[in-house]
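Chain residues, written in single-letter form:
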Amino acid sequence: MQKTYLFTPGPTPVPPEVLAAMAEPMVHHRGSDFREVYERCLVRLQEVYRTQSQVLLFAASGTGAMESAVANLCEPGQRVAVVTAGAFGARWASICEQYDLEVERIAYEWGETPVPEEVAAAARERGAEIVFCTQSETSTGVVIDVQAMKAAVGDAVLVVDAVSSLGAVPLETDAWGVDVVVSGSQKALMCPPGLAMTSVAEPLWERLPKARSFYFDWRRARKAQEVFDAAFTPAVSLIRGLDVALGLLLEEGLDAAFEKHVRLGRATRAGIKAMGLELFSPDDDSSAVVTAVRAPEGIDATALLRHLRDEQGVTLAPGQGDLKGKVFRIGHIGWFDVFDIAAALAAVELALTELGADIERGVAVTRAFEAFEPRVAA
Ligand code: PMP
C-alpha cells in the first residue's frame, strides 16, 4: 500500500490525461483515425521545437535520436567536435566513435559550463565542421547557452541534445539557427519513455550523405511523414499520449512552462541550501531542469537513495559516473509543481535525519515556497 513518488529527471511523472489516452483501444496505423492524431502530434512538435521544419519521430529512447544524427550527418573518418561536460556529452562521443568518426573532444570537468567561444575556437582549430553538444547535461544540472553556441560556431553544423530540456527551457530552433535538435518523450514532454525526435534544418537536407542506418534513415522518415504516414509501424499508443501531452504543454504556453521551471529550480535550491546541504549543480536560474546535491559529510548518496525509496517511497536519481555515491539529483521537469518539490525536500530532510546527518530541520519547505514566489521586476 506504500504510495510512491517519482522525482527523477526522466522518466518523469505522466499526467492522467496522457495515461488515459494511451489506454485507448488499438487502431490501425494506416487508418484515418490514427492519421489525424499523428498529424496533430507532428504539428504540435514543430510548435514546441519552434521550427517550421519537420520534426522526425522515431520509436526509440532519446539515444536513438542521437544515434540517428550521427548516422545521417557523418561519414566514416570524418572529424567532428564533441563537447563533453558530463555523462551525455560522453555519450555523443561514444556514438561518434562507434560510427568510426574522428572525435575531437572539447572536454570540461563534470559540473563546468561549456563556454561557446572556447568551443567554437577549439572546433575551428581542430578542423571540425560538425559540433555535438548537450543543452541540459542531466548528469550535472548544467544548462548551456545554445543561442550563443550557435552564434559562436557560425557555419559549423550544431547538433544539440535537448533530451532533458525541450519544453523546459527556451530553445528557438529556427530563430537561433540550430541545425539539429534531438529529444525524447520521457522528460519535459510528460510522456513515458519510448519516443525520440529530431529536427533537421532545411538547408542540411541537400548535404546529407547516405544514411548509415536503415531504421533511422532521415530521408525515409521525412518522405513518409510528409504525407502524415510513418515509414514503419509507429508507436501508436505513445504517439496518442504525446499528442495529449503536447496539447497540455501548448495550452499552458511554452513561456509559462519555461518560467515555471525556473521557479521550481529556485525552490529546490533554496530548500537544499536551507538544510545546510551543498549544491553540485549551478546556483543560478540557468539550472532549471535538475538539481544535483552533494551528500553531506559521512553519508553515502547511494544509501540515502535506497533509504528514501524503501522507507518513504520516494525515488530520486543517483549521481552518474564518478559522482555515484557522492551526489543525488532531484528532477523538476515536466509535470512537476511546487508541492512535488516540497515533498522531495521533506523526504530528503527526514531520510538524512534518520541516517544521522547533521542538517538544519524544519526550514527547507518554507524557504522553497518563498523562493517559488514570482519575482516582481524592480
Ligand atoms: N541526453 C540527455 C541529456 C539525457 O538526459 C538522456 C536521458 N537521461 C539521454 C540523452 C539519453 O536518453 P535515453 O535514456 O532516453 O536514451
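Further up the page is the structure itself.
Residues numbered from 1 in each chain as written. Predicted model: local features only at pLDDT ≥ 70, side-chain atom pairs only at ≥ 80, totals over all residues. Heavy atoms only, no water.

Draft legend 1. Summary view of the packing of aromatic side chains. Counted according to the given criterion, the structure contains 11 aromatic pairs. Here a set of aromatic residues connected by ring pairs shows up, and it is made of Phe 58, Phe 214, Tyr 215, Phe 216 and Phe 232. Over the aromatic face of Trp 205 sits the side chain of Arg 222, whose NZ or CZ is 3.9 Å from the ring centroid. Sitting above the plane of the Phe 372 ring, Arg 263 keeps its charged end 4.2 Å from the centroid. (Phe/Tyr/Trp six-rings, centres within 6.5 Å; stacked < 30°, edge-to-face > 60°. Lys NZ or Arg CZ within 6 Å of the ring centre and 35° of its normal.)

Draft legend 2. Up close: a negative patch on the surface. A cluster of acidic side chains, namely Glu 109, Glu 112, Glu 117, Glu 118 and Asp 145, defines a negative patch on the protein surface. Note that Glu 109 resides in the loop between β4 (102-107) and α5 (116-125). By relative accessible area, Glu 109 is classed as exposed at 57%. (Patch = residues over 30% accessible without salt bridge, like charges linked within 9 Å, V, L, I, M, F, W, Y side chains within 5 Å. Areas by Shrake-Rupley, 256 points an atom, 1.4 Å probe, with all protein chains shown as cover. Salt bridge = Lys/Arg side-chain N within 4 Å of Asp/Glu carboxyl O. Lys, Arg positive; Asp, Glu negative; His and termini not counted. Charge placed at Lys NZ, Arg CZ, Asp CG, Glu CD. Helix = DSSP H or I, 4+ residues; strand = E, 2+ residues; numbered from the N terminus. Buried < 20%, exposed > 50% of the residue type's maximum accessible area, 1.4 Å probe, protein only.)

Draft legend 3. How the structure looks around the side chain of Ser 164. Counting through the fold element by element, Ser 164 comes out in the loop between β8 (157-161) and β9 (180-184). Only 2.7 Å separates the side chain of Ser 164 from the side chain of Ser 136, close enough to count as a polar contact. (Polar contact = N/O pair within 3.5 Å; in protein donor to acceptor, adjacent residues only side chain to side chain.)

Draft legend 4. Here's a closer look at unusual backbone geometry. With omega at -5 degrees, the peptide bond leading from Gly 10 into Pro 11 counts as cis. By the secondary structure assignment, Pro 11 is in the loop between β1 (5-6) and α1 (16-22).

Draft legend 5. Focus on the site of the ligand. Near the ligand, the surroundings consist of 14 residues, among which Ser 61, Thr 63, Thr 138, Asp 161 and Lys 187 are the closest. Ser 61 has a polar side-chain atom sitting 2.5 Å from an oxygen atom of the ligand. A distance of 2.8 Å is found between an oxygen atom of the ligand and a backbone nitrogen or oxygen belonging to Gly 62. Surface burial for the ligand is 87%, taken as the share of its 390 Å² of free accessible area covered by protein chains. Mapped by element, the contributors of at least two residues to the shell around the ligand are α3 (62-73) and α4 (87-98). Top element by residues in the shell around the ligand is α3. It accounts for 3 residues. Looking at the shell around the ligand, its residues break down into 3 nonpolar, 8 polar and 3 charged. (Near = heavy atom within 4 Å. Nonpolar A, V, L, I, M, F, W, Y, C, P; charged D, E, K, R; others polar.)

Draft legend 6. Representation of the sheet that holds strand β14 (residues 317-318) in the model. The strand order across the open sheet formed by 4 strands is β11-β12-β15-β14, and the pairing between neighbours is antiparallel. Looking at the sheet topology across the chains shown, the edges are occupied by β11 (278-279) and β14. Bridging between β11 and strand β12 (residues 290-294) involves 2 bridges; their strand directions are antiparallel. Each bridged residue has a counterpart across the sheet, and for Leu 279 the counterpart in β12 is Val 293. (Pairing = 2+ DSSP bridges.)

Draft legend 7. Region of interest: the nonpolar core. Counting residues in each nonpolar core, the largest one holds 56 residues, and the members touching the most others are Leu 45, Leu 57, Val 131, Met 197 and Leu 242. With residues up to four places along the chain from it excluded, the contact list for Leu 242 reads Cys 41, Leu 45, Leu 57, Leu 189, Cys 191, Leu 195 and Met 197. Among the nonpolar cores identified, the runner-up in size contains 33 residues, and Met 66, Val 82, Cys 96 and Val 200 belong to it. (Core = buried A, V, L, I, M, F, W, Y, C linked by side-chain atoms within 4.5 Å. Contact = heavy atoms within 4.5 Å.)

Draft legend 8. Fine view of helix α10 (residues 301-312). Compared with an ideal rise of 1.5 Å per residue, which puts 12 residues at 16 Å, α10 spans 15 Å between its outermost C-alpha atoms and is within 8% of the ideal. Within α10, the full set of buried residues consists of Ala 301, Leu 304, Leu 305, His 307, Leu 308 and Gln 312. End-on view of α10: buried residues confined to an arc of 160 degrees, all on one side of the axis. Buried residues in α10 make contact with β1, β13 (314-315), β14, β15 (327-331) and α11 (338-354). Immediately beyond the C-terminal end of α10, within one or two residues, lies Gly 313, with a positive phi of roughly 70 degrees. (Expected span 1.5 Å × (residues − 1). Arc of directions from axis to C-beta.)

Draft legend 9. Representation of α5. Buried within α5 are the following residues: Pro 116, Val 119, Ala 120, Ala 122 and Ala 123. Taken down its axis, α5 places every buried residue within 165 degrees of arc, on the same side. Opposite the packed face of α5, turned more than 90 degrees from it, sit the exposed residues Glu 117, Arg 124 and Glu 125. Residues of α5 that are buried make contact with β3 (79-84), β4, β5 (130-134) and α6 (146-153). Once α5 ends, the next one or two residues include Gly 127, with phi positive near 70 degrees.

Draft legend 10. Seen up close, the environment of Ile 341. Relative to the helices and strands, Ile 341 is located in helix α11. A C-alpha to C-alpha distance of 46 Å links Ile 341 and Pro 209, two positions 132 residues apart in sequence. Here Ile 341 is in contact with Leu 264, Ala 267, Thr 268 and His 332, once residues within four sequence places are set aside.

Draft legend 11. Examining the environment of Cys 74 more closely. Looking at the element boundaries, Cys 74 is found in the loop between α3 and β3. When its relative accessible area of 1% is taken as the criterion, Cys 74 is described as buried. Between the C-alpha atom of Cys 74 and that of Leu 101, which follows or precedes it by 27 residues, the distance is 7.6 Å. Among all residues touching Cys 74, those that are not within four sequence positions of it are Ala 69, Val 80, Leu 101, Ile 130, Phe 132, Pro 209 and Arg 212.

Draft legend 12. Region of the structure containing the pairing of strand β2 (residues 55-59). In terms of burial, β2 is largely enclosed, as 4 of its 5 residues are buried. In terms of strand pairing, β2 meets strand β10 (residues 195-200) through 5 bridges, oriented antiparallel. When the bridges of β10 are listed, Phe 58 appears paired with Ala 196.

Draft legend 13. Layout of the environment of Phe 214. Positionally, Phe 214 belongs in the loop between β10 and α7 (218-226). In this structure Phe 214 comes out as exposed when scored by relative accessible area, which is 57%. In this structure, the C-alpha to C-alpha distance between Phe 214 and Ser 68, residues 146 residues apart in sequence, is 9.8 Å. Apart from the residues lying within four places of it in its own chain, the contact partners of Phe 214 are Arg 220 and Phe 232.

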